[in-house]
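Examination of the molecular architecture
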Amino acid sequence: MDFGLKNQEIQKTPIPFSKGRIRLALLLAAAICIGIPASIDLSIEWDYENRSIHAGNYRSLKPATVAIVPGASVYKGIPSPVLQDRLDCAVELYKQGKVRKILLSGDNGTSYYNEVKPMLLYVLERGVSEKDVFVDHAGFRTLDTLVRAKEIFQVKDAIFVSQRFHQPRAAFISKKIGLDLQSYESDRRIYISGPTSRFREFFARTLAWIDMNLTNTAPKYLGKPFPIEGSGVKTWKGSVI
């Protein structure tokens, strides 16, 4: 009887984890956490390189209805170099007849931060007709910018103007929502924020994949349609008027 009790006690005794097993478990967890985003990142990159229409020169792009310009940092009301290059490329597309309209989409979520007002003033100062400039104050994310372009502004075909690191994710989202999108890579200099932007993009692509394939995430705000074919002046409310 005593021998049987001792066996039961031995069986109930938990087997302690060795340091080697703990390290292995941590390595496996890290491999999963890094491996899945890496796979998504490469998949989105590959799809962009092999299937999307993209160029760093306007001559290689087909005419489209509108150039979509996503917001970026502004400093004391002045567009950052990243944003300035996006805007210059959009103006170029407009003046070369590649697009008829420009849609400026940025963050104006509070009274203390406004990306779209400097963007609007910048393109107007460079000769873009007032009626051809539309403003989206709720472009908080690339997903919001593109879904709202399709649903609110009823855009069917567009050229997305942004730096190379940003373009694959935009192309991925637009494909998922059925928006005909070309990509104009607006890299015109070396940016101090370049490495940081690409690092952030690595995880942003994973989030975009989850948004599109698992959660069906909607923009923060939608609203009544405002067709891109008309005049954009009424969309300026909250920017310069």
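Report follows, based on the coordinates. (Residues numbered from 1 in each chain as written. Predicted model: local features only at pLDDT ≥ 70, side-chain atom pairs only at ≥ 80, totals over all residues. Heavy atoms only, no water.)

Concerning the packing of aromatic side chains
The geometry of an aromatic ring pair comes down to the distance between the two centres and the angle between the two planes. Keep this limit in mind: For Phe, Tyr and Trp, where Trp contributes only its six-membered ring, two rings pair if their centres lie within 6.5 Å, and the inter-plane angle classes them as stacked under 30 degrees, edge-to-face over 60, or tilted in between. Think of it this way: any DSSP run of H or I at least four residues long counts as a helix, any run of E at least two long counts as a strand, and we number them from the N terminus. The buried label goes to any residue with under 20% of its type's maximum accessible area, the exposed label to any with over 50%, and the partly exposed label to all in between, with areas taken from a 1.4 Å probe on protein chains only. By definition, being over a ring means that NZ of Lys or CZ of Arg is both within 6 Å of the ring centre and within 35 degrees of the ring normal.
Under the definition given, this model contains five aromatic pairs. Ring centres 6.2 Å apart and planes at 75° place the aromatic pair F134 and F226 in the edge-to-face group. Residue F134 is located in strand β6 (residues 133-136), and its partner F226 is located in the segment after α7 (194-215); the two are separated by 92 residues in the primary sequence. Seen in terms of ring centroids, F199 and F203 are 5.4 Å apart; in terms of plane orientation they differ by 75°. Their pairing is edge-to-face. One end of the pair, F199, and the other, F203, are both in helix α7, four residues apart, so they sit about a helical turn from each other. Classification of F199 as exposed rests on a relative accessible area of 56%. Among the aromatic residues, those joined into a cluster by ring pairs are F134, F153 and F226. In this structure, K220 is placed above the aromatic ring of F140, and the distance from its NZ or CZ to the ring centre is 5.1 Å.

With respect to the nonpolar core
The condition is simple: The nonpolar core is taken to be a set of buried Ala, Val, Leu, Ile, Met, Phe, Trp, Tyr and Cys residues, with the residues joined through side-chain atoms within 4.5 Å. By definition, residues are in contact when any of their heavy atoms lie within 4.5 Å.
By size, the foremost hydrophobic cluster in this structure holds 32 residues, and its most contacted members are L93, L104 and V161. Considering each element in turn, this core owes the most residues, eight residues, to helix α3 (residues 81-95). Excluding anything up to four places from it in sequence, L93 contacts Y58, L61, A67, K98, V99, I159, V161 and Y184. The next biggest cluster of nonpolar side chains, apart from the first, holds 24 residues, and it includes I44, I68, V147 and F160.

Examining helix α4 (residues 116-124)
Those residues of α4 not exposed but buried are V116, P118, M119, L120, Y122 and V123. At its buried positions, α4 is contacted by β2 (64-70), β3 (74-75), β4 (78-79), α3, β5 (99-105) and β6.

What about the packing of α3 against α4?
Formally: Angles shown run from 0 to 180 degrees and are taken between the N-to-C directions of axes, each axis being a line fitted to C-alpha atoms and, for helices, limited to the stretch in contact. Should an angle fall under 35 degrees it is called roughly parallel, over 145 degrees roughly antiparallel, and 65 to 115 degrees roughly perpendicular, with every other angle called oblique. Should the near helix be turned counterclockwise from the far one by less than a right angle, the crossing is left-handed, whereas a clockwise turn marks it as right-handed. The classification used treats Ala, Val, Leu, Ile, Met, Phe, Trp, Tyr, Cys and Pro as nonpolar, Asp, Glu, Lys and Arg as charged, and all other residues, Gly among them, as polar.
Direction vectors running N to C along α3 and α4 enclose 40°, while the axes themselves pass 10 Å from each other. In terms of orientation, α3 and α4 fall into the oblique class. Read as a crossing pair, α3 and α4 show a hand that is right-handed. In this structure, α3 contributes L83, Q84, L87, D88 and V91 to the contact, and α4 contributes M119, Y122 and V123. For the contact of α3 with α4, the per-class residue count stands at six nonpolar, one polar and one charged.

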